[in-house]
Amino acid sequence: MPQGVGVEWLKGVVLVDKGAAIALAKGAHLMIPGVVDVEGSFSRGDVVAALYHESRTPVMVGVAEVDSGALEKMSREKARGRAVRRVHRLGDVIWELSQEIGKRLS
């Protein structure tokens, strides 16, 4: 499991740049040019989180469109295309509900 992730079903983390983080928070899917780094080993179809690379703030949870090895290579080569299909994003109803449940449990 990637560093700092305590959720068994989460298979990896994709660190993103500022532009990608802003777009993801508005509801976009993660495109390959926004990827800064990849943590963990995941396959296409696995659930991953996207975190803003400077603060490691989560901004989106989605389904990987490519495996981690391919994504690292594509990012280095400045490829285009979708890396992660958005399922939940910062501020959506499910995200807010999870924050409320977390507060009540702590």
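This structure is a prediction, so every number in the text was calculated from the model and none was measured.

**Q** Help me understand the overall build of the protein, please; the structure alone is not making it clear to me.
**A** Each helix and strand in the protein was counted, giving three helices and six strands. Going residue by residue from the N terminus, the α and β elements of the protein occur as β-α-β-β-β-β-α-β-α. A compact globule built from 106 residues would reach a C-alpha radius of gyration of about 13 Å, and the protein, at 13 Å, matches this within 12%. With the C-alpha coordinates aligned to their principal axes, the bounding extent of the protein is approximately 45 × 25 × 25 Å. Of all intrachain contacts in the protein linking residues separated by at least 6 positions in sequence, the fraction that spans at least 24 positions is 61%.

**Q** In this structure, what is going on with the sheet that holds strand 2 (residues 30–31)? I would like to understand it.
**A** The strands making up a sheet associate through backbone hydrogen bonding, with each pair oriented either parallel or antiparallel. Strand order in the open sheet formed by six strands is 2-6-5-4-1-3, with mixed pairing between adjacent strands. Because the sheet does not close on itself, it has two edges, and the strands there are strand 2 and strand 3 (35–39). Bridging between strand 2 and strand 6 (residues 82–89) involves two bridges; their strand directions are antiparallel. Within strand 6, the residue paired with Met31 across the bridge is Arg82. Each of strand 1 (12–16), strand 2, strand 4 (47–52), strand 5 (57–64) and strand 6 touches helix 1 (residues 18–25); the most contacted strand, strand 1, lies at about 115° to it. Along the sheet, helix 2 (residues 68–76) contacts strand 1, strand 3 and strand 6; its crossing angle with strand 3, the most-contacted strand, is approximately 155°.

**Q** Even after reading the chapter, I still don't get the side chain of Ser75, so can you show me in this structure?
**A** On the secondary structure map, Ser75 appears in helix 2. Judged by relative accessible area, Ser75 falls into the buried class, the value being 16%. At 3.0 Å, the side chain of Ser75 and the backbone oxygen of Val35 are in polar contact. Leaving out residues up to four positions away in the same chain, Ser75 has contacts with Ile32 and Val35.

**Q** Explanation requested: the side chain of Glu65 in the structure shown.
**A** Looking at the element boundaries, Glu65 is found in the loop between strand 5 and helix 2. For Glu65, a relative accessible area of 17% gives the class buried.

**Q** Got a minute to help me understand the nonpolar core in this structure?
**A** One broad trend across soluble globular proteins is that nonpolar side chains are buried collectively. Ranked by internal contacts, the top residues of the largest apolar core, which has 20 residues, are Val14, Val16, Leu30 and Leu71. If you list the elements that add at least two residues to this core, you get strand 1, helix 1, strand 3, strand 4, strand 5 and strand 6. Sequence-distant contacts of Leu71, that is, excluding residues within four places in its chain, are made with Val14, Ile32, Val35, Val38, Phe42, Val66 and Ala83. Counting five residues, the second-largest nonpolar core is a separate cluster that includes Leu10, Val13, Leu15 and Leu51.

**Q** Whenever I open this one, unusual backbone geometry confuses me. Can you help?
**A** Generally, phi is negative for residues other than glycine and the peptide bonds are trans, each holding for most cases. Despite not being glycine, Arg56 shows a phi value in the positive range, around 60°. Structurally, the position occupied by Arg56 is in the loop between strand 4 and strand 5.

Reading the values: rules and limits
Residues numbered from 1 in each chain as written. Predicted model: local features only at pLDDT ≥ 70, side-chain atom pairs only at ≥ 80, totals over all residues. Heavy atoms only, no water. Helix = DSSP H or I, 4+ residues; strand = E, 2+ residues; numbered from the N terminus. Rg over C-alpha atoms; globule rule 2.2 N^0.38 Å. Contact = heavy atoms within 4.5 Å. Pairing = 2+ DSSP bridges. Axes fitted to C-alpha atoms, helices over the stretch in contact; angles between N-to-C directions. Buried < 20%, exposed > 50% of the residue type's maximum accessible area, 1.4 Å probe, protein only. Polar contact = N/O pair within 3.5 Å; in protein donor to acceptor, adjacent residues only side chain to side chain. Core = buried A, V, L, I, M, F, W, Y, C linked by side-chain atoms within 4.5 Å.

Geometry only, nothing functional implied.
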